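# Observations on the three-dimensional arrangement
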Amino acid sequence: MPRWAVLQTEGEAEGFRYSVRGELEGTEAEALAGMLYMLDTFEEALTAAGRRRQQRQVYRVSERSYFVRVENRLSRKEAHFTLAELIADTHDEGLPDTAYA
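Before going into details, it helps to say that this report is about the structure given with it. Because the structure is predicted, anything quoted here is derived from the model rather than measured. (Residues numbered from 1 in each chain as written. Predicted model: local features only at pLDDT ≥ 70, side-chain atom pairs only at ≥ 80, totals over all residues. Heavy atoms only, no water.)

## Details of the overall build of the chain
Within the chain, the regular secondary structure consists of 2 helices and 5 strands. Helices and strands appear in the chain in the N-to-C order β-β-α-α-β-β-β. The C-alpha atoms of the chain give 16 Å as radius of gyration, which overshoots the globular expectation for 101 residues (13 Å, by more than 25%). Across its three principal axes, the chain shows a C-alpha extent of roughly 50 × 30 × 20 Å. Looking at the chain as a whole, 26% of its 101 residues are labelled buried. The long-range share in the chain, meaning contacts at least 24 apart out of those at least 6 apart in sequence, stands at 36%. For the chain, the computed accessible surface area is about 7300 Å², with 50% contributed by carbon and sulfur atoms. (Helix = DSSP H or I, 4+ residues; strand = E, 2+ residues; numbered from the N terminus. Rg over C-alpha atoms; globule rule 2.2 N^0.38 Å. Buried < 20%, exposed > 50% of the residue type's maximum accessible area, 1.4 Å probe, protein only. Contact = heavy atoms within 4.5 Å. Areas by Shrake-Rupley, 256 points an atom, 1.4 Å probe, with all protein chains shown as cover.)

Dropping the structure here:
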């Protein structure tokens, strides 16, 4: 079964930080649905009043890539999310050892 990672990029100008927001298993459609859930919960306000004051903007960059901006009175958070498929793993007999296989 295909394995996926949701990559999250945050930062400004040259100071980007990359991290894996989550790992998923399943079809591409299932993994995409899991990533969209992560987008919807990124920097989510915890109270109803906070959600009313919060503005959330989601931009689709490509079929597997989205940019999210969340603003409230005191802060603005932005992140770029990308769905990546695992194609090589030295510890998985079903996958090649390198990307060149």
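## Notes on the packing of aromatic side chains
Across all of its chains, the model carries 2 aromatic pairs by this definition. Measuring from centroid to centroid gives 5.5 Å for Phe42 and Phe81, while their planes differ by 80°, and the two rings are edge-to-face. Taken together, the residues span a long stretch of sequence, with Phe42 in the loop between helix H1 (28-41) and helix H2 (48-53) and Phe81 in strand S5 (residues 76-85) at a distance of 39 residues. There is no split in this pair, since Phe42 and Phe81 are both buried. Summarising the aromatic geometry, the rings of Tyr59 and Phe67 are spaced 5.9 Å apart at their centres and angled 45° between planes, so their arrangement reads as tilted. Using a relative accessible area of 39% as the deciding quantity, one classes Tyr59 as partly exposed. (Phe/Tyr/Trp six-rings, centres within 6.5 Å; stacked < 30°, edge-to-face > 60°.)

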